[in-house]
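Survey of secondary and tertiary structure
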Amino acid sequence: MKLTAARLKGLIGQVIKENRMNLVEEKIGMSFEQFRNILSDTSKKGGVQRLGIMTSENPRGIGSDDEMNKKLMKDFGTLL
C-alpha cells in the first residue's frame with residue numbers, strides 16, 4: 001500500500017476520532033481509601049479510564065501557606 005497524502009490525512013483523522021475524550025465533570029465525595037482502591041484496580045472492571053483532579057491549592061505551582069490554600073479551596077468549591 002502506498003502512503004499518499006489523502007491516505008495519511010485519513011489515518012490522522014481516524015486516530016483523532018479514536019483518541020477523542022468526553023470530558024465529564026462530576027463532584028464526588030469519597031474517602032481517600034475509596035479513591036485509592038479505584039486507582040489501584042488492575043482488573044479494568046472499575047470503569048475508570050482516565051482521571052483528572054482539579055485543585056486550587058498552590059496555584060501555578062507556587063507554594064501558598066495553609067490559610068491561603070484553605071481559602072482558595074473554599075472559594076473553588078463554590079464554583080463547582
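The structure contained in this document is the topic of the report that follows. (Residues numbered from 1 in each chain as written. Predicted model: local features only at pLDDT ≥ 70, side-chain atom pairs only at ≥ 80, totals over all residues. Heavy atoms only, no water.)

Summarising the element assignment, Lys70 is placed in helix 3 (residues 66-79). For Lys70, a relative accessible area of 54% translates into the label exposed. Expressed as a C-alpha distance, the spacing of Lys70 and Glu57, which sit 13 residues apart in the sequence, is 7.8 Å. (Helix = DSSP H or I, 4+ residues; strand = E, 2+ residues; numbered from the N terminus. Buried < 20%, exposed > 50% of the residue type's maximum accessible area, 1.4 Å probe, protein only.)

Here we take up the pattern of salt bridges. For the structure shown, the criterion picks out 3 salt bridges. A salt bridge links Lys70 to Glu67; its shortest N-O distance comes to 3.9 Å. Placement of the pair is Lys70 and Glu67 together in helix 3, with a separation of 3 residues, close to one helical turn. Across the pair, Glu67 and Lys70 agree in class, each one exposed. Across the pair Asp75 and Lys71 runs a salt bridge, and its minimum N-O distance is 2.8 Å. With Asp75 and Lys71 both in helix 3 and 4 residues apart, this pair spans about one turn of that helix. The class for Asp75 is partly exposed, based on a relative accessible area of 35%. The exposure class assigned to Lys71 is partly exposed, which follows from its relative accessible area of 47%. (Salt bridge = Lys/Arg side-chain N within 4 Å of Asp/Glu carboxyl O.)

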